[in-house]
Amino acid sequence: MYGMVNKAVEEMVCMHHGEAVWEEIKTRAGVDVDVFLSNESYSDDVTYNLVGAASQVLNVPADAILRSFGEHWVLHTAQEGYGGLMHAAGRTLPEFLRNLPNFHARVSMIFPKLQPPRFQCTDVTETSLKLHYYSHREGLSQFVIGLMQGLGKMFGTPVSIRQLSGREPGGDHEVFEVNWTPKPAAA
Ligand code: HEM
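Residues numbered from 1 in each chain as written. Predicted model: local features only at pLDDT ≥ 70, side-chain atom pairs only at ≥ 80, totals over all residues. Heavy atoms only, no water.

### Here's the deal with the sheet that holds strand β3 (residues 159-165)
Strand pairing in a sheet relies on backbone hydrogen bonds, with the paired strands running either antiparallel or parallel. Note the following rule: The pairing criterion is simple: DSSP has to find at least two bridges between the two strands. Secondary structure is summarised from DSSP: a helix means a run of H or I of at least four residues, a strand means a run of E of at least two, and numbering begins at the N terminus for each. Only the contacting stretch of a helix is used when fitting its axis, a line to C-alpha atoms as for every element, and angles between N-to-C directions run 0 to 180 degrees. By definition in these notes, contact holds between two residues if any of their heavy atoms fall within 4.5 Å.
Pairing in this open sheet of four strands is antiparallel, and the strands run β1-β2-β4-β3 from one edge to the other. Each edge of the open sheet carries a strand with a single partner, namely β1 (118-122) and β3. When strand polarity is set aside, the average angle formed by the axes of neighbouring strands in this sheet is 25°. The sheet contacts of helix α6 (residues 93-110) involve β1, β2 (128-134), β3 and β4 (173-180), and relative to β1 the element is tilted by about 140°. Contacting β2, β3 and β4, helix α7 (residues 141-155) crosses the sheet at an angle of about 155° to β3.

Quick look at the structure:
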């Protein structure tokens, strides 16, 4: 993945636990990189190893780290670094979610070697939809849940998300149900 992902993990850890803990996590992960470059591609192993080591050092399950990272990604990395892209993708949570299938196409213009996830929305109602998540990477469903929670906070819209189905053996597809509380219409 692009270095910006590892940089964001670093930022999240340093924000809550300080630099000494981050150095310990990098050492535990066997990652010998001083400074991650946002525009450079790193092996996915680097990211997975950092999450695994963070789980050990902080004594927090990896799933919880991935959920926190999803929230951090939306509320800090995306909003602070790519506010324009985020604003353009929707003014409300449901609008943003409906535009999610096209979102990374725009991101790919900035990061041409991106290997993005794919999203599809079905069963759309006033207060819910099914989000289909496709990826060649494994083990990131809790990251997706954290991203949804972050989007709910970003829009000030209470949201709940539950996984409806996991992957078939050898598959690349997971399904989530996202429910939200509609905002009262502006007076
Ligand atoms: C402007 C904001 C965003 C940027 C710049 C961005 C960029 C990226 C980058 C660089 C990666 C790593 C993939 C690679 O390097 O090949 C990635 C992965 C991912 N992104 Fe985004 N992203 C953004 C917003 C979002 C949002 C809003 C969501 C969903 C709500 C999302 C969902 C994901 C997921 C699930 C992955 C994991 C990759 C996988 O499943 O294979 N991203 N994104």
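Picking up after the structure, the text goes on.
### As for the domain arrangement of the protein
Here is the rule: Boundaries between domains were set according to an automatic or database domain assignment. Summed over both partners, the accessible area (1.4 Å probe) lost when two parts come together is defined as the buried area. Salt bridge, as used here, is a side-chain nitrogen of Lys or Arg placed within 4 Å of a carboxyl oxygen of Asp or Glu. The definition of a polar contact used here is a pair of N or O atoms within 3.5 Å, where within protein one atom must be able to donate a hydrogen and the other to accept one, and adjacent residues in sequence count solely through side-chain atom pairs.
When the domains of the protein are assigned, the result is domain 1 (3-60) and domain 2 (91-180). Taking only C-alpha atoms, the centre of domain 1 and the centre of domain 2 are 24 Å apart. Between domain 1 and domain 2, the contact holds six residues from the first and five residues from the second. Carbon and sulfur atoms supply 45% of the area that domain 1 and domain 2 bury against each other, a total of about 420 Å² over both sides. On the surface where domain 1 and domain 2 come into contact, there are one salt bridge. Residue R137 is joined to D44 by a salt bridge in which the shortest nitrogen-to-oxygen separation is 2.6 Å. In this assembly, domain 1 and domain 2 are joined by two residue pairs in polar contact (both at pLDDT 80 or more).

### Brief notes about the pattern of salt bridges
To keep it simple, the criterion reads: Only protein chains enter the calculation, and the probe is 1.4 Å; a residue is then buried if its accessible area is under 20% of its type maximum, exposed if over 50%, and partly exposed in between.
Under the definition given, this model contains seven salt bridges. Residue K153 is joined to E71 by a salt bridge in which the shortest nitrogen-to-oxygen separation is 2.9 Å. Taken together, the residues span a long stretch of sequence, with K153 in helix α7 and E71 in helix α4 (residues 62-81) at a distance of 82 residues. Accessibility expressed as a relative area gives 52% for K153, which makes it exposed. Of the charged contacts, one joins R91 and E95 as a salt bridge, the two residues approaching to 3.6 Å between their closest N and O atoms. Given the relative accessible area of 22%, E95 is considered partly exposed.

### So, the site of the ligand
The test is simple: Any residue with a heavy atom positioned within 4 Å of a molecule or strand is treated as near that molecule or strand. Just so you know the grouping, Ala, Val, Leu, Ile, Met, Phe, Trp, Tyr, Cys and Pro go in nonpolar, Asp, Glu, Lys and Arg go in charged, and all remaining residues, Gly too, go in polar.
In the vicinity of the ligand lie 27 residues, with H104, Q115, Y133, S135 and R137 positioned nearest. Between the ligand and Q115, the relevant distance is 2.8 Å, taken from an oxygen atom to a main-chain nitrogen or oxygen of the residue. If you list the elements that add at least two residues to the shell around the ligand, you get α1 (3-17), α4, α5 (83-88), α6 and α7. Here the residues of the shell around the ligand are counted per class, giving 23 nonpolar, three polar and one charged.

### Observations concerning the packing of aromatic side chains
Applied cut-off: What counts as a ring pair is set by centres within 6.5 Å for rings of Phe, Tyr and Trp (its six-membered ring), and what kind of pair is set by the plane angle: stacked under 30 degrees, edge-to-face over 60, tilted for all other angles. Whether a charge sits over a ring comes down to the Lys NZ or Arg CZ being within 6 Å of the ring centre and within 35 degrees of the ring normal.
Going through the model one piece at a time under the given rule, you end up with eight aromatic pairs. Ring centres of Y2 and F111 lie 4.8 Å apart, and the angle between their planes is 55°; on these two criteria the pair is classed as tilted. Taken as a pair, Y2 in the segment before α1 and F111 in the loop between α6 and β1 lie far apart in primary sequence, 109 residues in all. You'll find Y2 and F111 in the same group, each marked buried. Members of the aromatic cluster, joined through ring pairs, are Y2, Y82 and F111. Above the ring of Y134, the side-chain terminus of R118 is found at 4.3 Å from the ring centroid.

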